[in-house]
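# Residue-level structure breakdown
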Amino acid sequence: MSHKRLLLVHAHPDDESSQSAATIARYADEGAQVTLVTCTLGERGEILVPEWNHYSEKELGEHRIAELQQAMDHMGLTDHMFLGGVGHYHDTGMDRAEYGTVIVPPDMPDNAFWNADLLEAANFLVEIIRSRRPQVVSTYNPFGGYGHPDHVQAHRVTMYAVILAGARSHAPELGEAWSVDRVLWGTHNTGMWKQALSIAKERGLKLWDGEERDEDTLGPKEEYIEAVVPIGEYYDVCRAALGSHPSQVNIEDPFWEFHGIIQQLPGAGEAYVFGSGVPFPASDEPHEDLFIGLNLD
Ligand SMILES: [Zn+2]
């Protein structure tokens, strides 16, 4: 029986599968307690399936709950919640100011996650943190990975909630205070992206419209990546989880083929940089265990 308890906070259904599937599956397999919180229903995701184009945002959100459930079944994840309850926060959507720059869209629903009151949103998470008592919490970096407003907001809400959850004087009605040991920010595995990009180029895969991406935008400097959970035996689970979101992801598209190329490289894994709390033990290589160096009770 594992004493590890992991909480992951993601913005939309499918983010858990594209970014954390191996992590979720590996710790679920180990018998750890794994909890996923999804902040919105992803109502404003771009629908890829022509037959579903007539879906309203509300209908898409409902449909995506079922997609997420299927993905969780593949990963062996059973503990899941939407932040504040189903549909409490609406997908903000996103716009692009110029190539590669993601910004807040001009029109937003009233309950868009971007407009959430930070304390209210954090308190929903405080209650979850105090009841699940995770030693490790994972979310996005301050830029939300690529700038999606809901990813940025998920970062802010998570960091705030972790602080408040540990404060005894804060909202005792939400449960007994719990100090999270370590907060991690999921990130691109920079070295793997670079290797996979050259393979994609050789194969003539067209990944993005317009100009090529600057290598510096691919992810953090490799020295900042402190943990990499190997994909390894979980490759099939990762693809099955991703494939559970057909409204958003066609795994045969060049970009998702590229995603698969990255995951099949030797040594590939889901990368994390340190956010706050107990640092990782010093090491020349990234650690494979997110809990290393922590006192697990
Ligand atoms: Zn997302």
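Structure shown above.
Residues numbered from 1 in each chain as written. Predicted model: local features only at pLDDT ≥ 70, side-chain atom pairs only at ≥ 80, totals over all residues. Heavy atoms only, no water.

### A few points about the sheet that holds strand β6 (residues 136–139)
Overall, mixed pairing links the 7 strands, which are arranged β3-β2-β1-β6-β7-β9-β8 in an open sheet. Strand pairing shows two members of the sheet lacking a second neighbour, β3 (79–82) and β8 (225–230), which therefore form its edges. Here the average twist between neighbouring strands, direction ignored, is 25°. Here helix α4 (residues 118–132) sits on the sheet in contact with β1 (5–10), β2 (33–38) and β3, set at roughly 160° to β1. Packing of helix α6 (residues 149–165) onto the sheet brings it into contact with β1, β6, β7 (182–187) and β9 (269–277), and relative to β6 it is tilted by some 160°. (Pairing = 2+ DSSP bridges. Helix = DSSP H or I, 4+ residues; strand = E, 2+ residues; numbered from the N terminus. Axes fitted to C-alpha atoms, helices over the stretch in contact; angles between N-to-C directions. Contact = heavy atoms within 4.5 Å.)

### Some words on the side chain of R239
Turning to its location among the elements, R239 is positioned in helix α8 (residues 235–243). Buried and unpaired, R239 has no salt bridge, with E257 as the nearest side chain of opposite charge at 7.4 Å. A polar contact of 3.1 Å, which involves the side chain of R239, links it to the backbone oxygen of I251. When near neighbours in sequence (up to four residues on either side) are disregarded, R239 contacts I251, W256, E257, H259, G260 and Q263. (Buried < 20%, exposed > 50% of the residue type's maximum accessible area, 1.4 Å probe, protein only. Lys, Arg positive; Asp, Glu negative; His and termini not counted. Salt bridge = Lys/Arg side-chain N within 4 Å of Asp/Glu carboxyl O. Polar contact = N/O pair within 3.5 Å; in protein donor to acceptor, adjacent residues only side chain to side chain.)

### Here's the deal with the coordination of the zinc ion
Looking at the zinc ion, one finds its protein donor set to be H12 (ND1), D15 (OD), D15 (OD) and H151 (NE2), positioned 2.1 to 2.4 Å from the metal centre. Angles of 56 to 139° at the metal separate the 4 donor atoms of the zinc ion, which places the site in the irregular class. (Donors = N, O, S within 2.8 Å, 3.2 Å for Na, K, Ca; no water. Tetrahedral: all angles 85-135°; square planar, octahedral: opposite > 155°, others 65-115°.)

### What about the pairing of β1?
Within β1, 6 of the 6 residues are buried, leaving the element largely enclosed by the surrounding structure. Every second residue of β1 is oriented toward a common face, with R5, L7 and V9 on one face and L6, L8 and H10 on the other, all of them buried. As judged from the 3 bridges shared by β1 and β6, these two strands associate in the parallel manner. Bridge assignment links L7 to a residue of β6, and that residue is V137.

### What to know about helix α3 (residues 57–75)
The end-to-end C-alpha distance of α3 is 27 Å, a good match for the 27 Å that 19 residues give at a rise of 1.5 Å each. Turning to α3, its buried residues are L60, G61, R64, E67, L68, A71, M72 and M75. For α3, the angular spread of the buried residues around the axis is 140°, confining them to a single face. Where α3 is buried, its residues meet α1 (15–19), α2 (21–30), β2, β3 and α8. (Expected span 1.5 Å × (residues − 1). Arc of directions from axis to C-beta.)

### Describing α2
By the criterion of burial, α2 is predominantly enclosed, with 7 of the 10 residues buried. Every buried residue of α2 is listed here: A21, A22, T23, I24, A25, R26 and Y27. One or two residues past the end of α2 sits G31, with phi positive at roughly 90°.

### Looking at the environment of L36
Here L36 lies in strand β2. In sequence terms L36 and F258 are 222 residues apart; their C-alpha atoms lie 26 Å from each other. Each residue touching L36, except ones within four places of it in the same chain, is listed here: L8, H10, E16, L68, M72, L77, D79, H80 and M81.

### Observations regarding the packing of helix α7 (residues 190–203) against helix α9 (residues 254–264)
Here α7 crosses α9 at 125°, and the two axes come no closer than 9 Å. When the axes of α7 and α9 are compared, the pair comes out oblique. Note that α7 runs across α9; the crossing there is right-handed. Residues M192, W193, A196, L197, I199, A200 and R203 of α7 pack against F255, E257, F258, I261 and I262 of α9. Here the residues of the contact of α7 with α9 sort into 10 nonpolar, no polar and 2 charged. (Parallel < 35°, antiparallel > 145°, perpendicular 65-115°, else oblique. Left-handed = near helix turned anticlockwise from the far one by under 90°. Nonpolar A, V, L, I, M, F, W, Y, C, P; charged D, E, K, R; others polar.)

### Concerning the packing of α8 against α9
How two helices pack is summed up by the angle between their axes together with the distance between the axes. Running from N to C, α8 and α9 cross one another at 160°; their axes reach a closest spacing of 11 Å. As the angle between them shows, α8 and α9 are arranged roughly antiparallel. The crossing of α8 and α9 is right-handed. Contacts between α8 and α9 involve Y235, C238, R239 and L242 on the former and, on the latter, W256, E257, H259, G260, Q263 and Q264. Across the contact of α8 with α9, the residue classes break down as 4 nonpolar, 4 polar and 2 charged.

### Quick word on the pattern of salt bridges
Under the defined criterion, the tally for this structure stands at 8 salt bridges. Between D14 and R64 there is a salt bridge, with the nearest N and O atoms lying 2.8 Å from each other. Of this pair, D14 sits in the loop between β1 and α1 while R64 sits in helix α3; the two residues are 50 residues apart in sequence, bridging distant segments of the chain. Judged on exposure class, the residue D14 and its partner R64 are both buried. For E62, the salt bridge identified is with K58, shortest N-O distance 3.0 Å. In this pair, E62 and K58 both sit in helix α3, 4 residues apart, roughly one turn of the helix.

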